Structure formats: structure tokens, C-alpha cells
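Below, each chain spelled out in residue letters.
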Amino acid sequence: MTKAEKTEALWGWFFIAPTMLGLLILNFYPIVNTVWQSFCKTGDFAHVR
């Protein structure tokens, strides 16, 4: 890889990073949290401690 190609790849990752972070925080975290809580709750109105 030449220096220009490395710089171009770095800029590509720089522009994609906010979208990837948004996907992780706004989509995947709630899904994982919901699955986790479904295993922890014991009744209809249980509280997680």
C-alpha cells in the first residue's frame, strides 16, 4: 500500500466511525439489554436490583 492509499483508507474509517458508533449505541445496546433483562426478571412486575 502506498502512502496515498493508506491516507485514503484512514479517511474512509474516519467518516464511517460515527455511523458505526451510532449503530452500536442506538441499535445493538438496547437489543442486548432487552435479552439480558428477559433472563433476569422473574415475574410480570419484577424489579431488577
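The structure we're discussing is the one just above.
Conventions we followed
- The written sequence of each chain sets the order in which its residues are numbered from 1.
- Local features are withheld for residues below a pLDDT of 70 in this predicted model, meaning they are given only at 70 or higher, and side-chain atom pairs are given and counted only at 80 or more; totals for whole chains, interfaces and linings count all residues.
- For side-chain calculations, the full set of non-hydrogen atoms in the structure is used, while hydrogens and water are omitted.
- Working definition: helices are DSSP H or I runs of at least four residues, strands are E runs of at least two. Numbering for both runs from the N terminus.
- Think of it in three bands: with a 1.4 Å probe and only protein chains considered, a residue is buried below 20% of the maximum accessible area for its type, exposed above 50%, and partly exposed in between.
- Each accessible area is a Shrake-Rupley estimate made with a 1.4 Å probe; only the visible protein chains count as cover when residues are assessed.
- Here the expected span of a helix is defined as 1.5 Å times the quantity of residues minus one.
- By definition, a residue's bend is the angle between the axes fitted to the seven residues ending there and the seven starting there.

Q: Which residues make up the overall build of the chain, and what values do they have?
A: Looking only at helices and strands, the chain features one helix and zero strands. Split into buried and exposed, the 49 residues of the chain put 0% on the buried side. Total accessible area computed for the chain in this model is approximately 5,000 Å², and 71% of it derives from carbon and sulfur atoms.

Q: Tell me about helix α1 (residues 3–40), residues and numbers included.
A: Since the α-helix turns once every 3.6 residues, residues separated by three or four places project in the same direction. Its 38 residues give α1 an end-to-end C-alpha distance of 51 Å, which sits within 8% of 56 Å, the value for a rise of 1.5 Å per residue. Within α1, the axis deviates most sharply at Ile 16, by approximately 35°, and proline Pro 18 lies no more than four positions further along.

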